[in-house]
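# Summary of structural features
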Amino acid sequence: QVQLVESGGGLVQPGGSLRLSCAASGSIFRVYVMGWYRQAPGKQRELVASITTGGTTNYVDSVKGRFAISRDRAKNTMYLQMNSLKPEDTAVYYCKMAEPGMTYWGEGALVTVSP
């Protein structure tokens, strides 16, 4: 069974950077969508960034120019590079991968942006 293992969360000061990783422990036949979501305290989960099988990326307006999603197909791993972090970026970040007929979620990584 495929499991998604997240790492890289933690406490960072405003203006700092973090890189989140999401590794699939197990084989995925064909990944056709990969994305990062986040859920801030008291708010609903939102899509932050996504990447298609063709490499097209998309970002929510609030993170454009600051975040970058990428992938390493050989490792079945994707990343979220977060720069110029703001307090409003504080949230639990979840990765998602999908293959035909199945969707996988990570358990979440807490990112706290605070002085």
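Data block above holds the structure.
The structure reproduced in this document is the subject of the present report.

Parameters and conventions
Residues numbered from 1 in each chain as written. Predicted model: local features only at pLDDT ≥ 70, side-chain atom pairs only at ≥ 80, totals over all residues. Heavy atoms only, no water. Salt bridge = Lys/Arg side-chain N within 4 Å of Asp/Glu carboxyl O. Helix = DSSP H or I, 4+ residues; strand = E, 2+ residues; numbered from the N terminus. Buried < 20%, exposed > 50% of the residue type's maximum accessible area, 1.4 Å probe, protein only. Polar contact = N/O pair within 3.5 Å; in protein donor to acceptor, adjacent residues only side chain to side chain. Disulfide = S-S within 2.5 Å. Pairing = 2+ DSSP bridges. Axes fitted to C-alpha atoms, helices over the stretch in contact; angles between N-to-C directions.

Applying the stated criterion to the full structure yields four salt bridges. Here D89 and R38 are joined by a salt bridge, their closest N and O atoms 3.0 Å apart. With D89 in the loop between β8 (77-82) and β9 (91-99) and R38 in strand β4 (residues 33-39), the pair connects residues that are 51 residues apart, well separated along the chain. Like D89, the residue R38 is buried in the burial classification.

Structurally, D61 is set in the loop between β6 (57-59) and β7 (67-72). With relative accessibility at 61%, the residue D61 sits in the exposed group. At 3.0 Å, the side chain of D61 forms a polar contact with the side chain of K64.

Time to look at the side chain of E6. Within the secondary structure, E6 sits in strand β1 (residues 3-7). Within polar-contact distance, the side chain of E6 engages the backbone nitrogen of G108 at 3.2 Å.

Before going further, it helps to spend a moment on the state of the cysteines. One pass over the full model with this rule turns up one disulfide. At a sulfur-sulfur separation of 2.1 Å, the disulfide partner of C22 is C95. Between C22 and C95 the disulfide shows an S-S torsion of about 65°. By sign, it is right-handed. One end of the pair, C22, is in strand β3 (residues 18-25); the other, C95, is in strand β9, with 73 residues separating them in the sequence.

Attention now goes to the pairing of β8. Of all six residues in β8, five are buried, a share of seventy percent or more. As defined by bridge partners, β3 adjoins β8 across six bridges and the pair is classed as antiparallel. By the bridge assignment, R19 is partnered in β8 with Q81. Here β7 runs beside β8; their pairing, made up of six bridges, is antiparallel. In the sheet register, S70 faces β8, and the bridge partner there is Y79. Linking two consecutive strands that pair antiparallel, namely β7 and β8, is a turn of four residues; a positive phi of about 50° is found at N76 within it.

Read across the open sheet, the four strands follow the order β1-β3-β8-β7; overall the sheet is antiparallel. Bordering the open sheet on either side are β1 and β7, each of which pairs with just one other strand. For this sheet, the mean inter-axis angle between neighbouring strands, taken without regard to orientation, is 15°.

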